[in-house]
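Below are the chains, spelled out letter by letter.
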Amino acid sequence: MQTSNYLSQDFIFESWYVAAWDHEVSTGQMLARTLLGQPVLLYRDTQGQVVALADKCCHRAAPLSHGRQEGDAVRCMYHGMKFDRTGQCIDIPGQDQIPAKACVRSYPVVEKDRFIWIWMGQPQNAAPATILDFFWHDHADWRMKPGYIHYQAHYQLVVDNLLDFSHLSFVHPTTLGTASNAQVRAQVDRTDDSGLRITRWYINDEMSPNHKRVAQFDGPVDRWQIYQWHAPAFLRMDAGSAPTGTGAPEGRIDPRAMKFRHTSVQTPETLGTTHYFFCQARNFALDNETMTEAIFQDVCTAFGEDRNIIEGQQKILNTDPNFHPVATAHDMGLNQARFIIHRRLQNEQAARTGTPT
């Protein structure tokens, strides 16, 4: 699908991606999901371990997700070929000899921080130690509810949105934003070859609408949004509001302050659609399930506002493959992210072809 020269026309394969939340792959059920343009089948074996296979039988390309699980294996329900958890065919009805090529691809998977991570690149390059940390997903000191959205848009448009919070004043005036969001310039720092740290402080400012709805105090605040972005599309944010003048910018957090950890992860489905995994965790009022649900619904409402404009943006870009944006001062973060993604793509393509970058 050709969308726009403004958007990359290939995927970074040599990376860990999120395939699903842990609860999306339940025992006895099979989940079909397209990731980086590839059909993938996810299921749990008899030990509860997640298995990821290419969702395409090697015989006639029938989807294995239309088949049935038999113990640790999956049987294609077109002509009955059966594949074990490594993707090797172990049974062909009416045939004793199994060809060596009778197999489907198996993908490395790791379950960590309630995410099911998958490696879509060369299996020998999959290093679980490099998986990013999202400890607040299942830590006893934090509470959250996991969310998922399907976007009819290229993942880079979602990344752009997350790396320029000046849009909060206009897209989210009643959910996440205040007038000051469009006025405060972010500090953008490179952390490594694949990452950025973006810092915003709002001193003696009003609370954002979503913070007001759960705050235990009134009045002006010093609030912060400190987020780490890592290519291809991972955002981990430390955010919060403290009564103004109580020392939050210097690292002294007042007991009344609200602290949040936000997760926004995008996994490309195709060049025009995206899987979006998110949550908003907090470290206060841990036993208040009503608050957990209220925060979740607030985030869902805000992300619906984002999706409306981003999917509209995608439709416009589909009509103009040669679009080139006019930059503003707030674009520093997203421009650096695009450079990082572009460089990663160049390096992968060079590695595949054996040509220097």
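First, a word on what this report is: a plain description of the structure on this page.

Basis of the calculations
Residues numbered from 1 in each chain as written. Predicted model: local features only at pLDDT ≥ 70, side-chain atom pairs only at ≥ 80, totals over all residues. Heavy atoms only, no water. Helix = DSSP H or I, 4+ residues; strand = E, 2+ residues; numbered from the N terminus. Rg over C-alpha atoms; globule rule 2.2 N^0.38 Å. Buried < 20%, exposed > 50% of the residue type's maximum accessible area, 1.4 Å probe, protein only. Contact = heavy atoms within 4.5 Å. Areas by Shrake-Rupley, 256 points an atom, 1.4 Å probe, with all protein chains shown as cover. Salt bridge = Lys/Arg side-chain N within 4 Å of Asp/Glu carboxyl O. Axes fitted to C-alpha atoms, helices over the stretch in contact; angles between N-to-C directions. Left-handed = near helix turned anticlockwise from the far one by under 90°. Nonpolar A, V, L, I, M, F, W, Y, C, P; charged D, E, K, R; others polar. Pairing = 2+ DSSP bridges. Core = buried A, V, L, I, M, F, W, Y, C linked by side-chain atoms within 4.5 Å. Phe/Tyr/Trp six-rings, centres within 6.5 Å; stacked < 30°, edge-to-face > 60°. Lys NZ or Arg CZ within 6 Å of the ring centre and 35° of its normal.

## Considerations on the overall build of the protein chain
And then number 1: Scanning the protein chain from N- to C-terminus turns up five helices and 17 strands.
And then number 2: In terms of overall dimensions, the protein chain is globule-like: its C-alpha atoms have a radius of gyration of 22 Å, near the 21 Å expected for 357 residues.
And then number 3: When burial is assessed residue by residue, the protein chain has 52% of its 357 residues classed as buried.
And then number 4: The contacts in the protein chain between residues at least 6 apart in sequence include a share of 60% that link residues at least 24 apart.
And then number 5: Of the roughly 16,300 Å² that the protein chain leaves accessible, carbon and sulfur atoms contribute 50%.

## Notes on the pattern of salt bridges
Opposite charge on two side chains allows them to pair when their charged atoms are near.
And then number 1: Evaluation of the coordinates by the stated rule reveals 19 salt bridges.
And then number 2: In this structure, lysine 112 and aspartate 133 form a salt bridge, with 3.6 Å as the shortest nitrogen-oxygen distance. Linking lysine 112 in strand 9 (residues 109–112) with aspartate 133 in the loop between strand 10 (115–119) and strand 11 (147–151), this pair joins segments that are 21 residues apart in sequence.
And then number 3: What you see here is one network of salt bridges that share partners, running through Arg68, Glu70, Arg75, Lys82 and Asp91.

## A few points about the packing of helix 1 (residues 155–162) against helix 5 (residues 332–353)
And then number 1: In contact at an axis separation of 9 Å, helix 1 and helix 5 are set at 145° when each is read in the N-to-C sense. Regarding helix 1 and helix 5, the two cross each other, and that crossing is right-handed. Listed contacts from helix 5 to Tyr155, Gln156, Leu157, Val159 and Asp160 of helix 1 are Leu334, Ala337, Arg338 and Ile341.
And then number 2: Its residues assigned to classes, the contact of helix 1 with helix 5 comprises six nonpolar, one polar and two charged.

## What to know about the sheet that holds strand 14 (residues 221–230)
And then number 1: The seven strands are arranged 11-17-16-15-14-13-12 in an open sheet whose pairing can be described as antiparallel. Strand pairing shows two members of the sheet lacking a second neighbour, strand 11 and strand 12 (187–192), which therefore form its edges. If you compare each strand with its neighbour and ignore which way they point, the axes differ by 20° on average.
And then number 2: The pairing of strand 12 with strand 13 (residues 195–205) spans five bridges and is antiparallel. Pairing of glutamine 187 across the sheet is with threonine 199, part of strand 13.
And then number 3: Taken strand by strand, helix 1 contacts strand 11, strand 14, strand 15 (234–243), strand 16 (258–268) and strand 17 (274–282), and its axis lies near 160° from that of strand 16.

## Let's talk about the sheet that holds strand 2 (residues 31–35)
And then number 1: Spatially, the three strands line up as an open sheet ordered 2-3-4, and their pairing is antiparallel. Every other strand in the sheet has two partners, leaving strand 2 and strand 4 (50–54) as the edge strands with one partner each. In this sheet, adjacent strand axes meet at a mean angle of 30° when their direction is disregarded.
And then number 2: Taken together, the five bridges between strand 2 and strand 3 (residues 38–44) define a ladder with antiparallel strand orientation. The residue of strand 3 that forms the bridge with alanine 32 is leucine 41.

## Points about the nonpolar core
And then number 1: Among the nonpolar cores identified, the biggest contains 72 residues, and Leu42, Ile118, Met120, Leu163 and Trp229 are the most heavily contacted of them.
And then number 2: Element by element, the count of residues in this core is highest for helix 4 (residues 289–318), at six residues.
And then number 3: Leave out the neighbours within four places in its chain, and methionine 120 touches Phe13, Ser15, Tyr17, Leu35, Leu36, Gln38, Val40, Arg105 and Tyr107.
And then number 4: By size, the runner-up hydrophobic cluster in this structure holds 17 residues, among which are Trp21, Phe134, Phe277 and Ala281.

## Topic: the packing of aromatic side chains
And then number 1: Considering all chains together, one arrives at 19 aromatic pairs under this definition.
And then number 2: Where tryptophan 21 meets phenylalanine 115, the ring centres are 4.5 Å apart and the plane angle is 40°; that geometry is what we call tilted. Within this pair, whereas tryptophan 21 is found in strand 1 (residues 16–21), its partner phenylalanine 115 is found in strand 10, the two being separated by 94 residues in sequence.
And then number 3: With centroids separated by 5.0 Å and ring planes inclined at 80°, the aromatic side chains of phenylalanine 135 and tryptophan 136 adopt a geometry described as edge-to-face.
And then number 4: Overall, the relative accessible area of 28% leaves phenylalanine 135 in the partly exposed class.
And then number 5: An aromatic cluster of three or more residues is present, and its members are Trp21, Phe115, Trp117, Phe134, Phe135, Trp136, Trp142, Tyr148, Phe234 and Phe277.
And then number 6: The positively charged end of arginine 236 is found above the aromatic ring belonging to phenylalanine 134, 5.8 Å away from the centroid.

## What about the environment of glycine 219?
And then number 1: When you line up the elements, glycine 219 lands in the loop between helix 3 (209–212) and strand 14.
And then number 2: Residue class for glycine 219 comes out partly exposed when judged on its relative accessible area of 43%.
And then number 3: Distance in space between the C-alpha atoms of glycine 219 and glutamate 206 is 7.3 Å, their sequence separation being 13 residues.

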